Amino acid sequence: MKKTPKTLAIAGGPQAIKKTPEAVFHWPIVTKADENAVLDVLRRGTMSGTDITKQFEREIAEWMGMKFALGYCNGTESLRAAMWACGLGAGDEMICPSMTYWASCTAALTLGAAVNFADILPDTLCIDPADIEHRIGPRTKAIMVVHYCGHPCDMTAIMRIARKHKVKVIEDVSHAQGALFKGKKVGTFGDIAAMSMMAGKSFAIGEAGMMVTNNRDLYERCVAYGHYERTGLPSNYNPTDRSIRNPALNHFAGLPLGGYKHRMNQTCSAMGRVQLKHYDKRITEIQAAMNRFWDLLEGVPGLRAHRTPPGGKSTMGGWYAARGLYRGEELGGLSCAKFCAAIRAEGIPTCNPGANFPLHLHAVYHDADLFNQGQPTMIAFGQRDVRQGPGSLPVAEKIHEIAYSVPWFKHDRPAVIKQYAQAYRKVAEHADQLLG
Ligand SMILES: *Cc1c(COP(=O)(O)O)cnc(C)c1O
């Protein structure tokens, strides 16, 4: 890479980014085929039907190599159903990384369960397998893992711990559809997986979610919980498809056990079927683009890629919400906030420090009383108090010092990517201008 200008833009120098090429970042890619599929649903008036959704489920199940898939109105609800299916109930606990979007675990409270938060690893930003086992108690029903910002979790270590203690594993695949861990798709390692497919994710089809599992019992429990129209009670509006074989669950046929309505709008599943046809090809291009960006920054002090080793058997899927790792000690102690401010000045307005809010510190997990019991739900049903204050999960708590956003390239355009890499390199190499 050629030598970069000496004065940073924040100090009055020229900006590294000349113009913002919109198409490089635009997502999802929508073609006539998507439009026609959605229009067909609208014209047929089958938005609330399930014929297209069931086709989409079969295709997703096949793509992931799983026996069962079930479509949802959003990812949050698919995760809630997965928790209930795993038996999470009043007085139980679920282990979950603190660094994730709230939907990975907040619904546990609505089941009367508490969340026992684990720390993350500073290089993967995924749950630290070494911080799981000591949290398992007699009421621990599930471990929720999140393949964070596309990075696969260490499923070998996680499954070993879970099997040893007979605790179920739920994979939140919302950030990582299509990502591989040791050559196998994430979402296929645990007992059940659930994911968001909302408009901002890498698999983006509107407001939608998906559950996948190889376990018929878990699948049937998910159907019984929020897909009442698929249970065994015949009705003029919802002719049964007898998908539930468990007589205990069929006893409640026709009403959802959770009182939830989880059906996917078919405009979304229609778009999903089209998107799936192109998804592998499109994320392969994203991976090429993002790896190109990080290859250009290899060896730059203070900056590390958040990625799996290029050319290896693990991948970053669609590289959702791409991050970089920051090591300020290599830049004379420059704060990540100041680093990002200088990057923004170079013409990248989306660069910010951190990622999600560390959930273990949020008031919802300390004080919220969801059931009017006169005490926080986190301790209302449990035998022990697993709430954690500041200082308890040091890596998640310093996320704003160790991670920052980087451009999420959707197309592999070498000249554009080089310009962006140059901006990050320029600021890191001239960090001394920002100190003091
Ligand atoms: C987006 C997201 C969800 C929630 O999905 P919705 O479709 O928005 O309900 C769950 N978990 C993670 C990690 C997410 O990023």
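> How would you sum up the side chain of T46? Please name residues and give values.
Position of T46 relative to the elements: it lies in the loop between α2 (32-44) and α3 (51-64). Judged by relative accessible area, T46 falls into the buried class, the value being 19%. Sequence-distant contacts of T46, defined by excluding residues within four places in its chain, comprise V41 and Q266.

> Break down helix α7 (residues 216-226) for me, with residues and values.
In terms of burial, α7 is a largely internal element, eight of the eleven residues being buried. Residues L218, Y219, E220, C222, V223, A224, Y225 and G226 constitute the buried set of α7. The secondary structure elements touched by the buried residues of α7 are β1 (68-72), α4 (75-85), β5 (168-172), β8 (192-196), β9 (209-213) and α8 (247-250). Where α7 starts, the residue carrying a side-chain oxygen 2.9 Å from the main-chain nitrogen of D217 turns out to be N215.

> Quick rundown of a nonpolar patch on the surface? Include the residues and the values.
Side chains of L39, L42 and M47 sit close together on the surface and give an oily, nonpolar patch of about 230 Å² of accessible area. Along the chain, M47 falls in the loop between α2 and α3.

> I'd like a rundown of the pattern of salt bridges, residues and numbers included.
Close approach of charged atoms allows side chains with opposite charge to pair. Throughout the structure, instances matching the rule amount to 22 salt bridges. A salt bridge links E59 to R273; the nearest nitrogen and oxygen atoms lie 2.6 Å apart. Here E59, found in helix α3, pairs with R273, found in helix α9 (residues 266-296); they are 214 residues apart in sequence, far enough to count as distant. Taking relative accessible area as the criterion, E59 reaches 24% and is therefore assigned partly exposed. Classification of R273 by relative accessible area gives partly exposed; the value is 23%. Notably, a salt bridge pairs R80 with E77, separated by 2.9 Å at the nearest N-O pair. With R80 and E77 both in helix α4 and three residues apart, the pair spans about one turn of that helix.

> Please set out the packing of aromatic side chains residue by residue, giving values where relevant.
Considering all chains together, one arrives at 22 aromatic pairs under this definition. Considering the side-chain rings of Y225 and Y260, the 5.6 Å spacing of their centres and the 45° angle between planes classify their relative orientation as tilted. Of this pair, Y225 sits in helix α7 while Y260 is found in the loop between α8 and α9, placing the two residues 35 residues apart along the sequence. Y260 sits in the partly exposed class, given a relative accessible area of 25%. Aromatic ring contacts, followed pair by pair, group F25, F293, W294, Y326, F339, Y404, F409, Y420 and Y424 into a single cluster. K184 extends its terminal NZ or CZ atom over the ring of F189, reaching a point 4.4 Å from the ring centre. The cationic tip of K201 hangs over the ring face of Y101; the distance from NZ or CZ to the ring centre is 5.7 Å.

What counts, and where the lines are drawn
Residues numbered from 1 in each chain as written. Predicted model: local features only at pLDDT ≥ 70, side-chain atom pairs only at ≥ 80, totals over all residues. Heavy atoms only, no water. Helix = DSSP H or I, 4+ residues; strand = E, 2+ residues; numbered from the N terminus. Buried < 20%, exposed > 50% of the residue type's maximum accessible area, 1.4 Å probe, protein only. Contact = heavy atoms within 4.5 Å. Polar contact = N/O pair within 3.5 Å; in protein donor to acceptor, adjacent residues only side chain to side chain. Patch = residues over 30% accessible without salt bridge, like charges linked within 9 Å, V, L, I, M, F, W, Y side chains within 5 Å. Areas by Shrake-Rupley, 256 points an atom, 1.4 Å probe, with all protein chains shown as cover. Salt bridge = Lys/Arg side-chain N within 4 Å of Asp/Glu carboxyl O. Phe/Tyr/Trp six-rings, centres within 6.5 Å; stacked < 30°, edge-to-face > 60°. Lys NZ or Arg CZ within 6 Å of the ring centre and 35° of its normal.

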